[in-house]
Amino acid sequence: MLIRRPSDIAPSEITPREVYLNRRQWMAGAAGLALAGALPFRLEAAPLTAAKSAFSTDEKPTSREDVTSYNNFYEFGTGKDDPAARAKSLKTSPWTVKVDGLVGKPAEFGIEDLIKSSALEERIYRMRCVEGWSMVIPWVGFPMADLVKRVEPLGSAKYVAFETAYRPEEMPGVQSVFPVLDWPYVEGLRLDEAMHPLTILAVGLYGETLPNQNGAPIRLVVPWKYGFKGIKSITRISFVEKQPETSWNKQAPDEYGFYANVNPNVDHPRWSQATERRIGEGGLFVKRRPTLPFNGYADQVASLYAGMDLRKFY
Ligand SMILES: Nc1nc2c(c(=O)[nH]1)N[C@H]1C(S)=C(S)[C@@H](COP(=O)(O)O)O[C@H]1N2
Ligand SMILES: [Mo]
């Protein structure tokens, strides 16, 4: 399969972003549906109107360039620049999210309807990857709790299971004969974690719909947990009774637990979790920052884990 890497693309082929956006708008408007087949199947990079949120940090956001070019999305390869280079092949429109399991009102949401019917907020969150780097990302999304309430979970629902799309023909990274992960990517939360006001489903960043490499058209964001809990390009959300399987836990159970709360006091078996490198803070001598319990959100979330041994439930 032929994949064009950034180094293969001549600078003359790169269209400035403003020109590109205007051209797309013009094509969508003037040429309309006749041209639709020739356009990539993706949600246009559309502006999103969102209310400011009191849950936002006032730390300086990481640049849009870094947020959209330094990514983990193994369905498109394991390199940090693979998702930005290769995730364009994911067709994000049409897109549906199936919500099923132990709920009174199972539903299948079309992404455009879901966005339109949700109260969008801008949430500027600190994000911490288990690999030891962090970013500050201005997400646009809505509380996961809003979606939970719409489907009316039954009393027996204790956990929420999430699943990413599995489309080998659109995802070069899942075609390997030695798969890195057992696809599709799956994640899970306890129901009370899913309902916590800090937990959002993000549909955008920097005021626009999500770039594919960041998990378009909809992904989970749980700012007090390591980044791998933030499952991308979600197609299914199921309410279940038992703790669901999670991709990284299946891959290396000693290294990645179900809870995955950011914890500077519990090291990864192969490296310390005490400090982090903030992406964009360049220079050889820039000091790593101390990592904070629950990624700095302890005041809001520590009570969820009262009485639990966080060394055991890592
Ligand atoms: N489906 C899927 N979701 C995923 C991943 C992945 O490989 N596949 N990587 C996770 C990891 S390890 C991180 S750190 C975050 C990165 O999100 P970002 O690229 O938007 O910063 O996505 C998470 N969600
Ligand atoms: Mo990560």
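Presented here is an overview of the structure given in this document. (Residues numbered from 1 in each chain as written. Chains lettered and ligands numbered in written order. Predicted model: local features only at pLDDT ≥ 70, side-chain atom pairs only at ≥ 80, totals over all residues. Heavy atoms only, no water.)

1. A few points about the sheet that holds strand β3 (residues 107-110)
Defined as follows: Paired strands, as defined in this entry, are two strands with at least two bridges between them according to DSSP. Think of it this way: any DSSP run of H or I at least four residues long counts as a helix, any run of E at least two long counts as a strand, and we number them from the N terminus. Between N-to-C directions, angles span 0 to 180 degrees; the directions come from axes that are lines fitted to C-alpha atoms, helices contributing only their stretch in contact. What makes two residues a contact is simply this: any of their non-hydrogen atoms within 4.5 Å.
Strand order in the open sheet formed by 5 strands is β3-β2-β11-β6-β7, with mixed pairing between adjacent strands. Two strands in the sheet have a free side with no partner beyond their single neighbour: β3 and β7 (186-190). The mean inter-strand angle of the sheet, taken between neighbouring strand axes irrespective of direction, is 15 degrees. As paired strands, strand β2 (residues 96-101) and strand β11 (residues 234-240) are joined by 4 bridges and run parallel to one another. The residue of β11 that forms the bridge with valine 99 is isoleucine 237. Sheet contacts for helix α6 (residues 144-151): β2, β3, β6 (159-164) and β11; angle to β11, the most-contacted strand, approximately 65 degrees.

2. As for the pattern of salt bridges
Threshold: A pairing counts as a salt bridge when a side-chain nitrogen of Lys or Arg comes within 4 Å of a carboxyl oxygen of Asp or Glu. Three exposure classes are used, based on accessible area relative to the maximum for each residue type with a 1.4 Å probe and protein chains only: buried under 20%, partly exposed in between, and exposed over 50%.
Evaluated as defined, the whole model comprises 20 salt bridges. One salt bridge connects glutamate 276 with arginine 128, and the closest N-O pair in it is separated by 3.1 Å. Remark: arginine 128 occurs in strand β4 (residues 121-128) and glutamate 276 occurs in strand β12 (residues 275-278); sequence separation between them is 148 residues. Take glutamate 276: its relative accessible area is 4%, and that puts it in the buried class. Given a relative accessible area of 1%, arginine 128 falls into the buried group. Between lysine 225 and glutamate 193 there is a salt bridge whose closest N-O contact spans 2.8 Å. Separated by 32 residues along the polypeptide, lysine 225 in the loop between β10 (219-221) and β11 and glutamate 193 in helix α7 (residues 191-195) bring together distant segments of the chain. The same class applies to lysine 225 and to glutamate 193, which are both buried. Residues joined by salt bridges that share partners form a network here, namely Glu59, Arg126, Arg128, Glu276, Arg278, Glu281 and Arg289.

3. Focus: the site of ligand 1
The cut-off we apply is this: Throughout this document, a residue counts as near a molecule or strand when at least one of its heavy atoms sits within 4 Å of that molecule or strand. The definition of a polar contact used here is a pair of N or O atoms within 3.5 Å, where within protein one atom must be able to donate a hydrogen and the other to accept one, and adjacent residues in sequence count solely through side-chain atom pairs. Per-residue and other accessible areas follow the Shrake-Rupley method at a 1.4 Å probe size, with only the shown protein chains counted as cover for residues. In this count, Pro and Cys sit with the nonpolar residues alongside Ala, Val, Leu, Ile, Met, Phe, Trp and Tyr, while Asp, Glu, Lys and Arg are called charged and the others, Gly among them, polar.
Around ligand 1, 17 residues are found, and the nearest of them are Asn71, Tyr74, Glu75, Gly230 and Lys232. In the environment of ligand 1, a nitrogen atom lies 3.3 Å from a nitrogen or oxygen atom belonging to the backbone of asparagine 72. Contact with the protein chains removes 95% of the 540 Å² of surface that ligand 1 exposes when unbound. Of the residues assigned to the shell around ligand 1, the class counts are 8 nonpolar, 6 polar and 3 charged.

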